[in-house]
Amino acid sequence: MNKFFSVVDVDNLSEIVKEALELKANPNANESLGKHKTLGLVFLNPSLRTRLSTQKAAMNLGMNVMVMNMDKDGWALETQDGVVMNGTTVEHIREAAAVMGEYCDILGLRSFPSLKDKEADYNEDLFNKFIKFCGVPVVSLESATRHPLQSLTDLITITEHKNVAKPKVVLAWAPHVKALPQAVPNSFSEWMCKAQEQGLVEFTIAHPEGYDLNEDFTQGAAITHDLKEALQGADFVYVKNWSSYKEYGKVYPVEGSWMMDNEKLAITNDAKVMHCLPVRRDLELSSEILDGPNSLVIKEASNRVWAAQVVLKRMLETIK
Amino acid sequence: MNKFFSVVDVDNLSEIVKEALELKANPNANESLGKHKTLGLVFLNPSLRTRLSTQKAAMNLGMNVMVMNMDKDGWALETQDGVVMNGTTVEHIREAAAVMGEYCDILGLRSFPSLKDKEADYNEDLFNKFIKFCGVPVVSLESATRHPLQSLTDLITITEHKNVAKPKVVLAWAPHVKALPQAVPNSFSEWMCKAQEQGLVEFTIAHPEGYDLNEDFTQGAAITHDLKEALQGADFVYVKNWSSYKEYGKVYPVEGSWMMDNEKLAITNDAKVMHCLPVRRDLELSSEILDGPNSLVIKEASNRVWAAQVVLKRMLETIK
Amino acid sequence: MNKFFSVVDVDNLSEIVKEALELKANPNANESLGKHKTLGLVFLNPSLRTRLSTQKAAMNLGMNVMVMNMDKDGWALETQDGVVMNGTTVEHIREAAAVMGEYCDILGLRSFPSLKDKEADYNEDLFNKFIKFCGVPVVSLESATRHPLQSLTDLITITEHKNVAKPKVVLAWAPHVKALPQAVPNSFSEWMCKAQEQGLVEFTIAHPEGYDLNEDFTQGAAITHDLKEALQGADFVYVKNWSSYKEYGKVYPVEGSWMMDNEKLAITNDAKVMHCLPVRRDLELSSEILDGPNSLVIKEASNRVWAAQVVLKRMLETIK
C-alpha cells in the first residue's frame, strides 16, 4: 500500500478488517517490521484520537515517530505554482513535502477544509501535492473531504459488534453549534457504500433537506429526510453533524428532532450507537445513550489503533 | 499502586524513598518492566521539570511516552454533567479520559487551579473525574491542590542530605509578583506532616498573617508568623510563595523581610535550602544562596526523575 | 567533542565530512552508542529541518529524544545576573540550563537574534550562558550568529557533488521580504574560509553594497558587489538573503538583479545551486532552477541528518 486516502486504496474490505483484528489480538507481533523506520505525523490542524492512536500503532510496529505541528512548530505553506513568494507563506509545499520525505519512511498528514471554497476543498489540492512531492507513502489523518482511518475503524467496529450477517447501518445527521466539514460523513458513506457492494451491510443515510452529501460519496445508499423511517430495523446508528455541501459550509435551521436519544433508539433493532468523537452531549447525542449499554463510542475510538496499525503494516510491507 | 495523587497513596515513606534511591543507583535495571507499555502525559498547563523528568523516568523503565498538550494540541473539556454542550467546550471529560485510557497503560495529568473558585479547586473535580473515567492508573503531574511528585522528590532529597536522624524542616513563605497556587506548599506540608508522624523529620511552617494553609494539609505542623524564630536550628529550609487560602487567591502586602538570604541562613543550623523551581531570584530567594554551597535546588530538580520512576514502577507492577 | 557552536569546534574538515558520509552509508551502525542516552532539544524559535533531522540522527544512534518548545511549552528565561526577578521572566537561565543538563546527556539549543541589539546578539550571551550552566555537551541548532549544523551539511553536500578537486563556491546574496539574520551566511562563510585554508574550495562572496558581513567570518574570502563577475566559473552557488550587519538588521533597496535564475546560471560552470531552505520561490531563487537539474536543495536538506549524526556521535564518544 502506497497511499491511504480513500476507500479506493483498499480492495477487499473483509480482508483488511480481518487483518486489523489479528493485530488487535496480538499488537506487538510485528514489531520487527518497523525497526529503523520513521513515521512523520504532520498536523495542519489539531488532533487527539488520530494523533495518539496513530502514534501508538506505529510504536506497536516498532517504528520511530516524529510529530510536526505545522500550525505551531512550523509555518504557512504555499501550495500554488507560479507565485512570487513575497507574502505570508514561508515555504512551498514542493520543498516542505520533499524534505519531510527525506527524513521519514511514511508520512501522515492532517488538513481540514476551508469550508469557504468548495472547489479548492474538493480538489484536495494540498493533499495531492503533498503526496506527489514527498516521495514516500502517505496516510491521511483526515483531509478536506475524507477521514479514511475513521471509516476503516468504523467498519472494524461494526464487524466486531454485528449480530446478523448483513446489518442495517444508518448514518444519521445530528445538530451542532458549528459548521462542520463533510469529511467524516463523506468518508463513512463511501466506505459503507463499498461494504454494501461487497455484501457486508445495508446502508441508509438520513438528513434534513439541504444537507445532501456530494453524490460521489453516496452511490448505492438509500437516502431519506425521515429519520424515524430510517431508524426502523437499524442495527447500527452512526450519528454525525455536517454542514451543507450544496450551499457550501452553510448551516440551516432544521425542522423536527434530529438529536439521537432513547425515544428514537426504541424504533431501532436495539441498535448500537456510534460517533467518531468529539461529541457534543445532549446536542448531537443524548447522555442517556452515551452512558448506556448501546453506545460503542469508546470501543470505536479504541479501534482507531488497529485501523492505523493495519494501514502502516501494509505500507511497511510495501517499502521493505 | 493505582493512583498517585496525595500522600495517602503511599503507606511507608521510608520504603518508597529507599526504593527511589535504588533506582537512582541503577536507572535502567527495570527497563523490561515497561516494555510495550505506554505512558500518556496530559498537560492542561505548561511544564518543564515535570514533563522532562517524568518522560525520562518512563524511558528508563522502557516505556513509550506520548505527550498531549491539551491547551495547544487539543481542546477545552467539559467537566459538568447534565449540560447541553452548545457552548465553547468541545469534548466531555467522560469521553476524553476514557479514550486516553484506551491508548495508554498509565496516564499523567497536570491541571492548575483557577484561584477564583475555592470550592471547585479544592473539590479537585477535574482530577477526580479524570481518574474515574480513564480506567487506568493516574499519576498527578500537579493538580489544583497538590504536587505529590514534587513532595516525594523533596523527601528523597532531604533523606539524601540530612546529617541528623530527624532533621528540622521549615517551610518558609517567600514573596512573589504573582498570585500562586497553594499546591506545592499544601503537598509539601502533608508529606512532611506524615514524615513527622513516621519519625523522619520535625516540621515547622512560617508564613505572614493571612497566609494560613488549609488545615487539612498541616495537621501536626508547628506554625508561626515569626520566620526568624522558625529558622533557629533548621536543617532544611523549603522556600515557597503561595497566595492566600482564606481570602482565596488574594495577595496581601506583608510586613518585614521574608526573602531568604544569607543573613537569615546564619540563624539556621547551616541549613540546606530547597525550592521546587522556577524561582524568582532576589525576590523569593537571594542569588547568594542559589549560587552558594547551601542550595540544593538543582539536586532537588534532578531527583524529580527518581520520584517519577518509583511511582511509575509501582504502577507497572500493579498492572502487570 | 564537548561543544558544536562554530567551525572552531572542528579541526579537520575533510575528516568530519568523511565520517559523516560513512554514517550516511550505514545509518544504524552505531545504534548501541546512544543506548540509555538522552538528547534534549530546546527550541526558543520554530524549526522544521533542524528539529526533524536532529531527532532522526539521534534515533539512528539509539538515543532517546525529548523536545522542549520553550516559547510554547515553557516560559521566558532571564539571562542577566543581578536582576531582581519581579518582571515577566519566569526562570533564570542558571537554573533552567542546569536542570535540563540533569535530565539530558546532550542538549541542543536554537535561539534567533533580536536583530535590534547588535552587541547583545553578537555576544551570544544566551548561548554562552546555556553552555556554561547546563554542564553537558551542547550542539547549536542555530544561534544569533551561526548555524553550524547547516554549514557542515553544506560542506558534506559540496564534497559529494564536486567534479573538481577544489571547486569554486560562491555565496550569493538574494532578495527577501523580511529582515533575516546573518547566522546562515556568517556560518557558511566561516566554514568555507576554513575549507579554503585546508585546500578544499575556492570561496567568493557577492552581495550588494551595505550588506557586508562581519569581517570575523569572512577572513580569506574574495568579496565583490558584482554578482555576474562572481558567478564566472562557479561550481556551486549558495543563495541566501541576509539583512545588514553594519546598519544592524536593516534592509536597503538594492540596484540590479540579485535573484538567482537560469540567465545567471549560464554564467557559471554549470553550477549546482544550494539553499538552506525555506526558500521564497521566484524572489530569492527562480522556480526554474529549483525544479531543474542543477538544484541541490533537497539533497542538501537530506544531508542535515548526517551532519547532526556525526556531531552527536562525536559527543557520545566523549561522554562514554
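Each residue is numbered by its place in its chain's sequence as written, counting from 1. Throughout, the order in which chains and ligands are written sets their labels, letters from A for the former and numbers from 1 for the latter. Only residues with pLDDT of 70 or above have their local features reported here, since the model is predicted, and side-chain atom pairs are shown and tallied only from 80 upward, although totals for entire chains, interfaces and linings are computed over all residues. Calculated side-chain values reflect all of the structure's heavy atoms, with hydrogen atoms and water omitted.

### Concerning the UniProt feature "binding site: N(2)-succinyl-L-ornithine" (unreviewed entry) in chain A
All names here are of chain A.
Part 1: Under the feature "binding site: N(2)-succinyl-L-ornithine" (unreviewed entry), the UniProt entry names Glu 142, His 176, Lys 240 and Arg 280.
Part 2: Helix and strand definitions here come from DSSP, where helices need a minimum of 4 consecutive H or I residues and strands a minimum of 2 consecutive E residues; each element is numbered from the N-terminal end. Along the polypeptide, Glu 142 turns up in the loop between β7 (138–140) and α6 (148–161).
Part 3: Looking at where His 176 falls in the secondary structure, it is placed in the loop between β8 (168–173) and α7 (183–197).
Part 4: With a 1.4 Å probe rolled over the protein chains alone, any residue whose accessible area is under 20% of its type maximum counts as buried; one over 50% counts as exposed, and the rest are partly exposed. Taking the relative accessible area as the measure of exposure, His 176 reaches 17% and is therefore buried.
Part 5: In this description, contact between two residues means that some pair of their heavy atoms is separated by no more than 4.5 Å. Those residues in contact with His 176, other than ones at most four positions away along the chain, are Asn 241, Arg 280, Leu 283 and Glu 284.
Part 6: What qualifies as a polar contact is a pair of N or O atoms within 3.5 Å, subject to a donor-acceptor requirement within protein and to the restriction that residues adjacent in sequence count only when both atoms come from side chains. Among the polar contacts made by the side chain of His 176, one reaches the main-chain amide nitrogen of Lys 178 at a distance of 3.1 Å. UniProt positions are given in the numbering used here, feature names are shortened, and annotations may be inferred rather than shown by experiment.

### Structural notes on the interface of chain A and chain C
Part 1: Taken together, the contact between chain A and chain C spans 29 residues of the former and 29 residues of the latter.
Part 2: When chain A packs against chain C, the two sides together hide about 2700 Å² of surface, and 60% of this comes from carbon and sulfur.
Part 3: The salt bridge definition used is simple: a Lys or Arg side-chain nitrogen within 4 Å of an Asp or Glu carboxyl oxygen. There are 4 salt bridges connecting chain A and chain C.
Part 4: Summed over the shared surface of chain A and chain C, the result is 10 residue pairs in polar contact (both at pLDDT 80 or more).
Part 5: Contributions of two or more residues to the side of chain A that touches chain C are made by β3 (64–69), β5 (91–92) and α3 (93–103) of chain A.
Part 6: If you tally residues by element for the side of chain A that touches chain C, the top one is α3 of chain A, at 7 residues.
Part 7: When residues are sorted by character, Ala, Val, Leu, Ile, Met, Phe, Trp, Tyr, Cys and Pro go into the nonpolar class, Asp, Glu, Lys and Arg into the charged class, and all the rest, Gly among them, into the polar class. Looking at side-chain class alone, the side of chain A that touches chain C contains 14 nonpolar, 8 polar and 7 charged residues. Accessible surface is computed with a 1.4 Å probe, and the buried area is the amount of it that two parts give up when combined, taken over both parts together.

### Quick word on a negative patch on the surface
Residue and element names in this part refer to chain A.
Part 1: There is a patch of like negative charges on the surface, built from Glu 209, Asp 212, Glu 215, Asp 216 and Glu 255.
Part 2: Mapped onto the elements, Asp 216 comes out in the loop between β9 (202–206) and β10 (222–224).
Part 3: Judged by relative accessible area, Asp 216 falls into the exposed class, the value being 64%. To count toward a patch, a residue needs a relative accessible area above 30% and no salt bridge. Like charges then connect within 9 Å, nonpolar side chains (Val, Leu, Ile, Met, Phe, Trp, Tyr) within 5 Å. For the area figures, the Shrake-Rupley method with a 1.4 Å probe applies, and any residue is considered shielded solely by the protein chains shown. Charged-residue counts in this description rest on Lys and Arg as positive and Asp and Glu as negative, His and the chain ends being excluded. Lys charges are placed at NZ, Arg charges at CZ, Asp charges at CG and Glu charges at CD.

### A look at the sheet that holds β10 of chain A
Within a sheet, each strand pairs with its neighbour through backbone hydrogen bonds, oriented either parallel or antiparallel.
Residue and element names in this part refer to chain A.
Part 1: With parallel pairing, the 5 strands of this open sheet are ordered in space as β10-β9-β8-β11-β12. Looking at which strands have only one partner, the edges of the open sheet turn out to be β10 and β12 (272–274). Averaged over neighbouring strand pairs, the angle between their axes works out to 20° when direction is ignored.
Part 2: Seen against the sheet, α6 touches β8, β11 (236–240) and β12 and runs at an angle of roughly 155° to β11.
Part 3: All axes here are fitted lines through C-alpha atoms, helices being fitted over the stretch that makes contact, and every angle between N-to-C directions spans 0 to 180 degrees. This element, α7, spans β8, β9 and β11 of the sheet and lies at about 150° to β9. Strands were regarded as paired on the criterion that DSSP finds at least two bridges between them.

### Considerations on the sheet that holds β7 of chain A
All names here are of chain A.
Part 1: In space, the 5 strands of this open sheet follow the order β1-β7-β6-β2-β3, with parallel pairing throughout. Each of the sheet's edge strands pairs with one partner strand only, and the pair in question is β1 (3–4) and β3.
Part 2: Sheet strands in contact with helix α5 (residues 125–134) are β1, β2 (38–43), β6 (106–110) and β7, and its direction is about 160° off that of β7.

### Section: the nonpolar core
One broad trend across soluble globular proteins is that nonpolar side chains are buried collectively.
Part 1: Each nonpolar core is a collection of buried residues, namely Ala, Val, Leu, Ile, Met, Phe, Trp, Tyr and Cys, held together in the definition by side-chain atoms within 4.5 Å. Counting 105 residues, the largest nonpolar core has Phe 4, Leu 152, Phe 203 and Val 311 of chain A together with Phe 130 of chain B as its most contacted members.
Part 2: Examining the composition of this core, we find that 11 residues originate from one element, helix α11 (residues 297–319) of chain A, more than from any other.
Part 3: Excluding its chain neighbours within four sequence positions, the residues that come into contact with Phe 4 of chain A are Asp 9, Val 10, Val 138, Val 139, Ser 140, Pro 148, Leu 149, Leu 152, Trp 191, Val 311 and Met 315 of chain A.

### Observations regarding the interface of chain A and chain B
Part 1: With 29 residues of chain A at the contact, the number on the chain B side is 28 residues.
Part 2: For the chain A and chain B pair, buried surface summed over both sides reaches about 2700 Å², with 60% attributable to carbon and sulfur atoms.
Part 3: Counting the contacts that link chain A with chain B gives 4 salt bridges.
Part 4: With a closest N to O distance of 2.9 Å, Arg 49 of chain A and Glu 91 of chain B form a salt bridge.
Part 5: Counting the contacts that link chain A with chain B gives 10 residue pairs in polar contact (both at pLDDT 80 or more).
Part 6: At the level of secondary structure, the elements contributing two or more residues to the side of chain A that touches chain B comprise α2 (49–60) and α11 of chain A.
Part 7: At 7 residues, α2 of chain A tops the list of elements feeding residues into the side of chain A that touches chain B.
Part 8: Residues of the side of chain A that touches chain B, tallied by class, amount to 13 nonpolar, 6 polar and 10 charged.

### Examining the pairing of β11 of chain A
All names here are of chain A.
Part 1: The buried fraction of β11 is high, at 5 of 5 residues.
Part 2: Alternating positions in β11 separate into two faces, Phe 236, Tyr 238 and Lys 240 on one and Val 237 and Val 239 on the other, with burial throughout.
Part 3: Pairing between β8 and β11: 5 bridges, direction parallel. When the bridges of β11 are listed, Trp 173 appears paired with Lys 240.
Part 4: As paired elements, β11 and β12 share 3 bridges and run parallel to each other. Looking across to β12, one finds that Val 237 is bridged to Val 273.

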